[in-house]
Amino acid sequence: MKQAPILSEREKQRMLQHVQRTSYAARNRCMLMLSWLAGMRVGEIAALDVGDIVQPNGTIRDQIQLRADQTKGDQARTVLINSQLKAELDRYVNTLNQKIDPKRPLIGSKTGKRFSANGLCQRFLQLYDHAGLDKATSGDVNLAAESTLLFQESALLPWLTA
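Residues numbered from 1 in each chain as written. Predicted model: local features only at pLDDT ≥ 70, side-chain atom pairs only at ≥ 80, totals over all residues. Heavy atoms only, no water.

Draft legend 1. Molecular detail of the overall build of the chain. Scanning the chain for helices and strands turns up seven helices and two strands. Counting helices and strands in the order they occur from the N terminus, the chain gives α-α-α-α-β-β-α-α-α. For the chain, the proportion of its 162 residues judged to be buried stands at 42%. Pairs at least 24 apart in sequence give 62% of the contacts found in the chain among residues at least 6 apart. Element-wise, carbon and sulfur atoms account for 53% of the exposed surface of the chain, whose accessible area totals about 9,600 Å². (Helix = DSSP H or I, 4+ residues; strand = E, 2+ residues; numbered from the N terminus. Buried < 20%, exposed > 50% of the residue type's maximum accessible area, 1.4 Å probe, protein only. Contact = heavy atoms within 4.5 Å. Areas by Shrake-Rupley, 256 points an atom, 1.4 Å probe, with all protein chains shown as cover.)

Written out as structure tokens, the structure reads:
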């Protein structure tokens, strides 16, 4: 079975530099960070509402509780938000310039409507292609994130079992 290519740190930096020059740069960066730092699938990112990450008091949650209807396998799951992702999400939410509506899509189109999973996947692919990373797919990013998460979990395992 052919393995999907994994983005190097240099390629990630290249992608972030490209994203800074795009329309909706904050939104695009947030999409990438949810994929890279949390290992979320494109469909899960598309299904997020602001209330999934922002608490009623306006602070960013420590974890995202994905409902079964938000996941590929129809199994609810918890996504932990590390400090780096928390800072990224806080920065993004502060760019929304509106009263925080918990039912609003977190990642909205230019009209503010929710992306479909396919539409958001096309947006990811377009970003990668325009950054000159056409070898990448949305699944590649998840693969890299999942391997990082597995390493983090294995490093934490002694602490969890003690």
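Draft legend 2. The arrangement of the pattern of salt bridges in detail. Tallied over the full model, the rule gives eight salt bridges. Among the ionic contacts, a cluster of salt bridges with common partners joins Arg 29, Glu 88 and Arg 91. (Salt bridge = Lys/Arg side-chain N within 4 Å of Asp/Glu carboxyl O.)

Draft legend 3. Structural view of the packing of aromatic side chains. Overall, the coordinates contain zero aromatic pairs when judged by the stated rule. The positively charged end of Lys 12 is found above the aromatic ring belonging to Trp 36, 5.6 Å away from the centroid. (Phe/Tyr/Trp six-rings, centres within 6.5 Å; stacked < 30°, edge-to-face > 60°. Lys NZ or Arg CZ within 6 Å of the ring centre and 35° of its normal.)

Draft legend 4. Structural detail: the nonpolar core. Formed by 40 residues in total, the largest nonpolar core has its most connected members in Met 15, Leu 34, Met 40, Ile 64, Ile 107 and Leu 120. Counting residues per element, the ones that place at least two in this core are helix H1 (9-20), helix H2 (25-38), helix H3 (42-47), helix H4 (50-53), strand S1 (63-66), helix H5 (83-94) and helix H6 (117-130). When residues of this core are assigned to their parent elements, the largest contribution, eight residues, is made by H2. Filtering out sequence-adjacent residues up to four positions away, Ile 107 remains in contact with Arg 27, Cys 30, Met 31, Ile 45, Tyr 92, Lys 113, Phe 115 and Leu 120. (Core = buried A, V, L, I, M, F, W, Y, C linked by side-chain atoms within 4.5 Å.)

Draft legend 5. Structural context of the side chain of Arg 27. Note that Arg 27 resides in helix H2. At 13 Å, Glu 88 is the nearest oppositely charged side chain to Arg 27, a buried residue that forms no salt bridge. At 3.0 Å, the side chain of Arg 27 and the side chain of Asn 28 are in polar contact. (Lys, Arg positive; Asp, Glu negative; His and termini not counted. Polar contact = N/O pair within 3.5 Å; in protein donor to acceptor, adjacent residues only side chain to side chain.)

Draft legend 6. Region of the structure containing unusual backbone geometry. Not every positive phi belongs to a glycine, and Tyr 24 is a case in point at roughly 60°. With respect to the helices, strands and loops of the structure, Tyr 24 is situated in the loop between H1 and H2. Residue Tyr 24 is classed as partly exposed on the basis of its relative accessible area, which comes to 44%. Located in the positive-phi region is Asp 74, a residue other than glycine, with phi close to 55°. Note on placement: Asp 74 falls in the loop between S1 and strand S2 (77-80). The class for Asp 74 is exposed, based on a relative accessible area of 53%.

Draft legend 7. Structural view of the confidence of the model for the chain. Looking at the chain, pLDDT values average 84 and 78% of them are 70 or higher. This stretch, residues 143-162, has a pLDDT under 50; its non-local contacts, to residues over four places away or in other chains, come to 10 contacts. (pLDDT = per-residue confidence, 0-100.)

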